[in-house]
Amino acid sequence: MRRRLHVVWILLFLLTISHQTTAHWWFMSQVYALGAKVMCNTIAGLVSFQRQLCRENPDVMVSIGKGAKLGIDECQFQFADQRWNCSTVDRDASLFGKVMRRASKETAFVYAISTAGVVHEVTRSCTLGELKECSCDNRRSGRSRKGFEWGGCSDNIAYGLNFAKAFVDAREVERDARALVNLHNNYVGRRAVKTNMLLDCKCHGVSGSCSVRTCWKTLPPFRIVGEHLKHKYENCLLVTVDQSGTQLTHPDFSYRRPSRDELVYLEESPDYCSINSNTGSLGTSGRECNRTEQGSGGCAVLCCGRGFNTIQVEEDYKCYCKFHWCCHVKCEKCRRTVDKHICKPPKSSEVNAFPVSTQKNRKVTHHRKGKKNRRKYRMRKNKKDRRNDVGK
């Protein structure tokens, strides 16, 4: 609290002297630096080198946050109909803290898509002039091998790649097997943006003859990057570390090392059917499924054989749409009743609600109570028998 009050007083002091000096640029730089230091110190999960980059480049931190959100949104889109739907990943955890406990295929995808999101957003901000350290890339010039002329101003993918590598990879300080896998998947994510860069061109010539084409490189839509990495996820490679502990290799073939384009993982994935805090699984209970679908998203797969409940809900939809000249479509709002299918919870949810140790204690307690009651019954019976003997 005292530290925050101290910062406020300094800001008020700088504001009072800013009108009395002609060095306005100095005043703004001091306020900017002070704000950056406070901001970077309050972000949880940053390692020391990340805090240093944050203080030196506070404007880039906005793009990094947007990139993390972009990556997780795409992850949730790509896995919307899967048992694991990326719901266990926090929007900031992918860059500022631990993502998932198990080094599975899903974790590999999260690291790759999050890093790709940072590259995409930092590059975009750089091209738009939102970052003071960079701008669009106009280094390409002359005629290309494909016959077009390099021109315009390409998206500065080089700056996005370098900053994402420096910031995101700085978290892996341990250099163990998990760190090697994370670094590898970070690289795959960065490379996914670079390899999907698009060529945008403009034609020049008489009457649109396109005798001369001027072209430049632009970022791909992030959906293309997400689909690219989803394909890599489906062909993810199981790896381990070699004897030196410095390189990744196939567990059965020491000569089989992963390529730069392959996502890799260390541990097999859980089935994600039930809640499990050890694996980070939230289960599929309560998820909506498609009764007629046989594959992903279908009730048979998504509900893990537990079955589903059908409920009726009312929803709004657009109806009686008409085109009006010119140029819009006007629709009315109607209501309809639809069936929705919801996965049932596991039958053993009530039993599993207690920890194993507690269940054992309860069983032991019941056993002890029963034994104690039997002992009391025998004592009462013996007393009664003794009274009967005396009466005889």
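The rules behind each value
Residues numbered from 1 in each chain as written. Predicted model: local features only at pLDDT ≥ 70, side-chain atom pairs only at ≥ 80, totals over all residues. Heavy atoms only, no water. Core = buried A, V, L, I, M, F, W, Y, C linked by side-chain atoms within 4.5 Å. Buried < 20%, exposed > 50% of the residue type's maximum accessible area, 1.4 Å probe, protein only. Helix = DSSP H or I, 4+ residues; strand = E, 2+ residues; numbered from the N terminus. Pairing = 2+ DSSP bridges. Patch = residues over 30% accessible without salt bridge, like charges linked within 9 Å, V, L, I, M, F, W, Y side chains within 5 Å. Areas by Shrake-Rupley, 256 points an atom, 1.4 Å probe, with all protein chains shown as cover. Salt bridge = Lys/Arg side-chain N within 4 Å of Asp/Glu carboxyl O. 1 Å grid on protein atoms, 1.4 Å probe; cavity = no way out; pocket = protein on both sides within 12 Å on 5 of 7 lines; lining within 4 Å. Points joined across faces, edges and corners; volume = space filled by probe spheres on them. Nonpolar A, V, L, I, M, F, W, Y, C, P; charged D, E, K, R; others polar.

Q: Mind showing me how you'd approach the nonpolar core here?
A: A general feature of soluble globular proteins is that nonpolar side chains tend to end up buried together. I64, C75, V122, Y159, F167 and L229 are the most contacted members of the largest nonpolar core, which totals 44 residues. Element by element, the count of residues in this core is highest for helix α6 (residues 105–127), at 10 residues. Formed by six residues, the second largest nonpolar core is a distinct cluster that contains L237, V239, L248 and V264.

Q: I'm lost on the pairing of strand β13 (residues 328–343) in this one. Help?
A: Consecutive side chains of a regular strand alternate in pointing toward one face of the sheet and then the other. As judged from the two bridges shared by strand β11 (residues 288–289) and β13, these two strands associate in the antiparallel manner. Of the residues in β13, the one forming a bridge with E288 is I342.

Q: Even after reading the chapter, I still don't get the sheet that holds strand β12 (residues 308–324), so can you show me in this structure?
A: The strands making up a sheet associate through hydrogen bonds between their backbones, and the pairing can be parallel or antiparallel. Ordered in space as β11-β13-β12, the three strands form an open sheet in which the pairing is antiparallel. Only two strands of the sheet have a single partner each, and these edge strands are β11 and β12.

Q: Mind showing me how you'd approach a nonpolar patch on the surface here?
A: Residues F323, W325 and V329 make up a contiguous nonpolar surface patch of roughly 440 Å² in combined accessible area. Tracing the backbone through its elements, the reader meets V329 in strand β13.

Q: Teacher, can you tell me more about empty space enclosed by the protein here?
A: Over the atoms, a rolling probe the size of a water molecule traces out where space has been left empty. Inspection of every chain in the model, using the stated rule, returns one cavity of 30 Å³ or more. Of the voids in this model, the largest cavity is the one considered here, and its volume is about 30 Å³. If you trace the largest cavity, you find it lined by A103, S104, T107, A108, Y111, R178, V181, N182, N185, V264 and Y265. Counting only elements with at least two residues in the lining of the largest cavity, the list comes to α6, α8 (177–195) and β8 (264–265). The dominant element in the lining of the largest cavity, judged by the number of residues it contributes, is α8, at four residues. Taken together, the residues that form the lining of the largest cavity break down as six nonpolar, four polar and one charged.

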